[in-house]
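What follows is each chain in one-letter form.
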Amino acid sequence: MSSVHTVLVVDDDFHVADLHRRQVDEVPGFRALEPVGTLAAARSALASGTVDLVLVDVYLPDGSGLELLRSIDTGADAFVLSAASDSGTVRRAMRSGALAYLIKPFAAGVLAERLQAYARSRNVLDERSTLDQEAVERAFRILHAGDSGGASPSRAATAALVLEQLGAGEERSAAEVAAAIGVSRATAQRYLAQLTADGTVAMQLRYGAAGRPEHRYLRR
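Small disclaimer: the values here were computed from a predicted structure and weren't measured. (Residues numbered from 1 in each chain as written. Predicted model: local features only at pLDDT ≥ 70, side-chain atom pairs only at ≥ 80, totals over all residues. Heavy atoms only, no water.)

Undergrad: Please explain the nonpolar core as it appears in this structure.
TA: Grouped burial of nonpolar side chains is what soluble globular proteins tend to show. Core analysis: the biggest nonpolar cluster contains 24 residues, and Leu8, Val10, Val54, Val56, Leu68 and Val80 have the highest contact counts within it. Those elements that provide at least two residues to this core are strand 1 (5-10), helix 2 (39-47), strand 3 (53-56), helix 3 (65-71) and strand 6 (77-82). Counting residues per element, this core draws most heavily on helix 2, at four residues. Residues contacting Leu68, with those up to four places away along its chain left out, are Val10, Leu39, Ala42, Arg43, Leu46, Val54 and Val56. (Core = buried A, V, L, I, M, F, W, Y, C linked by side-chain atoms within 4.5 Å. Buried < 20%, exposed > 50% of the residue type's maximum accessible area, 1.4 Å probe, protein only. Helix = DSSP H or I, 4+ residues; strand = E, 2+ residues; numbered from the N terminus. Contact = heavy atoms within 4.5 Å.)

See below:
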């Protein structure tokens, strides 16, 4: 998959579809196509083979969005975004292959968090062609725990501070990150290791004048 994830919004409410399109475009690494409002139009867009992720409503003029999930054969993944909140519909969506189910209306930022978690999960899966059990479980854990990885608010805030120090393509060491946010080097190292494990951060070795390697971290 390319570094930019292409997203198709399928919703017959023009205003809602446009809102979700704009929310997708605000997330780095994602690009929304022009939304469509029917199953037929969605299938036509998917036939182009350029869609990575579908955000589909359950209620559409020409059928259920769950039918679309069951018929996707292009390799695209799917989230369901719907006002339908009955357990039967949610279970059918899960059985049909939905990776996430967001009940409308949802708070601002919820979709962005799910998209970020999706991208991080895909990073883990796409690192290599053959996966071990640890990698599989890590990918599922990232996807379903959300962007905070299931951490407590304080730990999630610290992880966010660590990640901020790696913005704009800047490569930094654990010691530099620790000094910038006011934590110990060991704490910064622990968070950087977690972010590297889930695919958010890349780690490289750099050799100084004395020849000793240093771990340098760069946001993906």
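Undergrad: Is there a simple way to explain the environment of Ala119 in this structure?
TA: Within the fold, Ala119 resides in helix 5 (residues 110-126). The exposure class assigned to Ala119 is buried, which follows from its relative accessible area of 14%. Put simply, Ala119 and Phe30 are 89 residues apart on the chain and 8.9 Å apart in space, counted from C-alpha to C-alpha. Apart from residues no more than four positions distant in its own chain, Ala119 is found in contact with His5 and Phe30.

Undergrad: Mind showing me how you'd approach helix 8 (residues 174-181) here?
TA: A turn of α-helix holds 3.6 residues, and therefore any two residues three or four places apart point the same way. Those residues of helix 8 that sit buried are Ala174, Val177, Ala178 and Ile181. The arc enclosing the buried residues of helix 8, seen along the axis, measures out at 100 degrees, which places them on a common side. At the exit of helix 8 stands Gly182, carrying a positive phi of roughly 80 degrees. (Arc of directions from axis to C-beta.)

Undergrad: What exactly am I supposed to notice about the confidence of the model for the chain here?
TA: The predicted coordinates of low-pLDDT regions are not to be read in fine detail. Confidence along the chain averages 85 in pLDDT terms, with 90% of residues attaining 70 or more. When the criterion is pLDDT under 50, residues 146-153 qualifies, and its contacts beyond four places in sequence or with other chains add up to eleven contacts. (pLDDT = per-residue confidence, 0-100.)

Undergrad: Looking at this structure, how should I read the environment of Leu33?
TA: By secondary structure assignment, the location of Leu33 is in the loop between strand 2 (30-32) and helix 2. Residue Leu33 is classed as buried on the basis of its relative accessible area, which comes to 19%. Taking the C-alpha atoms as reference, Leu33 lies 7.4 Å from Val9; in sequence the two are 24 residues apart. Once residues lying within four places of it in the same chain are set aside, the contact partners of Leu33 are Thr6, Val7, Leu8, Arg21 and Val51.

Undergrad: Got a minute to help me understand helix 9 (residues 185-197) in this structure?
TA: For helix 9, with 13 residues, the first-to-last C-alpha span of 18 Å sits near the 18 Å given by 1.5 Å per residue. Residues of helix 9 that are buried: Thr187, Ala188, Tyr191, Leu192 and Leu195. Looking straight down helix 9, one finds that the buried residues subtend no more than 130 degrees of arc, so they occupy a single side. Opposite the packed face of helix 9, turned more than 90 degrees from it, sit the exposed residues Arg185 and Ala186. Backbone geometry just downstream of helix 9 places Gly199 in the positive-phi region, at approximately 90 degrees. (Expected span 1.5 Å × (residues − 1).)

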